[in-house]
Amino acid sequence: MTAKPLLRVLAGETVSPPPIWLMRQAGRYLPEFRALRAQADFITRCMTPDTATELTLQPIRRFGMDGAILFSDILILPWSMGQQLAFIEGTGPVLEPIRTAADIVRLRSGERAERMAPVMQTLRRLRDTLDAPGEIGVGRGGQTTLIGFAGAPFTVACYMVEGGGSRDFAITRGMAFSEPALFDRLIDLLIEATAAMLCEQIEAGAEAVMLFDSWSGLLPPSQFERYVIAPTRAIVQAIRAVHPQTPIIGFPRLCGVLAGRYAALTGIQAIGLDTGADLGLVATQLPQGMAMQGNLDPLCLIAGGLPLAQETRAIRAAMAGRPHIFNLGHGVLPQTPVEHVQNLVELVRRA
Ligand code: 1CP
């Protein structure tokens, strides 16, 4: 059997048409997701292997995506370390904020692996299902790659310190400047926990892992080095020491011209690009042959029709002859028409 298309691209091969999956492909835009959503709160859904497996597979069944991303959240890590977390309808995640050394000491990293155990069970189940013979339609006969993930330390720290979402994460960025020793401690704790958790995900069946650094673009260059590049490199090295073959995708969202430094210095195999990135231009700044993932605007997917066809074609043209994984520049939005996602998959797979 030839290797899965997504894994071939992550190994540096050019595959045409490119493999496709979408960030937040499991979500409220799917009627079958909304049906299961009513039954339990978000954390319970993440921690129930039956439910998390089903939610992960819904977009695979419907669209035959090349990647299946574990149904979970970047904030499950702080939750597993003992930080209080709730997902409130209409508000988003709410956490008990971490602001002092005592708050950090109160975290219980020792319990992390045990609290995370159901997630690993979900991954084992997913891998069995995706790779089972006769499961054409679910894993397209063993063609779908199972992707594990984590938030990168800076982005997770943003939510941990702020206590939830924010437009600019000003409290977190303020802490990084005014209390660097304290912020370093939090980042170091997250480096260790994230690397350990991603190794566990790989051991449970994840074939590639992705680090979401959604807020990396808020930092000035000096702090981008310290809180984005250095922690990512440390995590990549820790994973590589145990699982040298597993590809790692980095997603330094909104990093702009720092994409080249990030790609060259962190050791990742592939870089996810946000909607604002000019793919052709970024390509000239990356290590030779590095795989790129992205970057259709999620709003273009909502619009559909001619703009969707044009933008998709432009991305395909910019990435022709390069290792590329088709994706959005950020997650699928809840108001996205399901048919537009179907159209997109067909457009990308049309030779
Ligand atoms: O039922 C619901 O409404 C819960 C909504 C939801 C979902 C479906 C949340 C809350 N998280 C998720 C799943 C999720 N989150 C996945 C799973 C797989 C998939 O992509 O299909 C992944 C990879 C994430 C990652 C994630 N969570 C990120 C990084 C990517 C990004 O969007 O920038 C971030 C920043 C979060 C935090 C988070 N979780 C949920 C929300 C609403 C948010 C954003 C909060 C905010 O900043 O306002």
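Let's talk about the site of the ligand
Around the ligand lies a shell of 23 residues, among which Arg24, Asp73, Tyr159, Ser214 and His330 are the nearest. In the environment of the ligand, an oxygen atom lies 2.7 Å from a nitrogen or oxygen atom belonging to the side chain of Arg37. Within the contact set of the ligand, an oxygen atom lies 2.7 Å away from a side-chain nitrogen or oxygen of His330. Here the ligand, which alone exposes 900 Å², has 84% of that area covered by the protein. Among the secondary structure elements, those contributing two or more residues to the shell around the ligand are helix H2 (31-37) and helix H3 (42-47). A per-class count over the shell around the ligand returns 13 nonpolar, five polar and five charged.

Quick look at the sheet that holds strand S5 (residues 208-213)
Strand pairing in a sheet relies on backbone hydrogen bonds, with the paired strands running either antiparallel or parallel. Sheet architecture is open: seven strands sit in the order S1-S4-S5-S6-S7-S8-S9, paired in parallel fashion. Of all strands in the sheet, those bounded by a partner on one side alone are strand S1 (67-69) and strand S9 (324-328). Geometrically, the sheet is characterised by an average inter-axis angle of 25 degrees between neighbouring strands, direction not taken into account.

Observations concerning helix H16 (residues 338-349)
Across its twelve residues, H16 extends 17 Å between first and last C-alpha, which sits within 8% of the 16 Å expected from 1.5 Å per residue. Every buried residue of H16 is accounted for by Val338, His340, Val341, Leu344, Val345 and Val348. Around the axis of H16, the buried residues are gathered within 160 degrees of arc, so they sit on the same side.

Focus on helix H4 (residues 49-63)
Its 15 residues place the ends of H4 22 Å apart at the C-alpha level, agreeing with the 21 Å of an ideal helix rising 1.5 Å per residue. Along its length, H4 reaches its greatest deviation from straightness, about 30 degrees, at Leu57, and the proline Pro59 lies no more than four positions downstream. Along H4, eleven of the 15 residues are buried, which leaves the element largely enclosed by surrounding structure. Burial in H4 covers these residues: Pro49, Thr51, Ala52, Thr53, Leu55, Thr56, Leu57, Gln58, Pro59, Ile60 and Phe63. Among the structural elements, H2, H3, S1, helix H7 (112-131) and H16 are those in contact with the buried residues of H4. Positive backbone phi, approximately 60 degrees, marks Gly64, located one or two places after H4.

Considering the pairing of strand S8 (residues 291-296)
In terms of burial, S8 is largely enclosed, as six of its six residues are buried. Looking at chain direction, strand S7 (residues 270-272) and S8 are connected through three bridges and run parallel. Opposite Ile271, over in S8, you have Met292 as the bridge partner. Pairing analysis gives five bridges linking S8 to S9, with the strands arranged parallel.

Considering the packing of aromatic side chains
The final tally for this structure, using the stated rule, is ten aromatic pairs. Ring centres of Phe149 and Phe212 lie 5.5 Å apart, and the angle between their planes is 85 degrees; on these two criteria the pair is classed as edge-to-face. Of this pair, Phe149 sits in strand S4 (residues 145-151) while Phe212 is found in strand S5, placing the two residues 63 residues apart along the sequence. Note on accessibility: Phe149 and Phe212 belong to one class, buried. Taken together, the aromatic side chains of Phe33, Phe42, Phe71 and Phe87 make up a single cluster linked through ring pairs. Against the face of Trp79 rests Arg115, its NZ or CZ located 4.1 Å from the ring centre.

What about the packing of helix H8 (residues 153-162) against helix H9 (residues 170-178)?
Interaxial distance between H8 and H9 falls to 8 Å at its minimum, and their mutual angle equals 110 degrees. It follows that H8 is roughly perpendicular to H9 by the angle criterion. Counted together, Phe154, Ala157, Cys158, Val161 and Glu162 of H8 and Ala170, Ile171, Thr172, Arg173 and Met175 of H9 form the full contact between these two elements. Residues of the contact of H8 with H9, tallied by class, amount to seven nonpolar, one polar and two charged.

Here is what the cut-offs are and how they apply
Residues numbered from 1 in each chain as written. Predicted model: local features only at pLDDT ≥ 70, side-chain atom pairs only at ≥ 80, totals over all residues. Heavy atoms only, no water. Near = heavy atom within 4 Å. Polar contact = N/O pair within 3.5 Å; in protein donor to acceptor, adjacent residues only side chain to side chain. Areas by Shrake-Rupley, 256 points an atom, 1.4 Å probe, with all protein chains shown as cover. Helix = DSSP H or I, 4+ residues; strand = E, 2+ residues; numbered from the N terminus. Nonpolar A, V, L, I, M, F, W, Y, C, P; charged D, E, K, R; others polar. Pairing = 2+ DSSP bridges. Axes fitted to C-alpha atoms, helices over the stretch in contact; angles between N-to-C directions. Expected span 1.5 Å × (residues − 1). Buried < 20%, exposed > 50% of the residue type's maximum accessible area, 1.4 Å probe, protein only. Arc of directions from axis to C-beta. Bend = angle between axes of the 7 residues up to and from the residue. Contact = heavy atoms within 4.5 Å. Phe/Tyr/Trp six-rings, centres within 6.5 Å; stacked < 30°, edge-to-face > 60°. Lys NZ or Arg CZ within 6 Å of the ring centre and 35° of its normal. Parallel < 35°, antiparallel > 145°, perpendicular 65-115°, else oblique.

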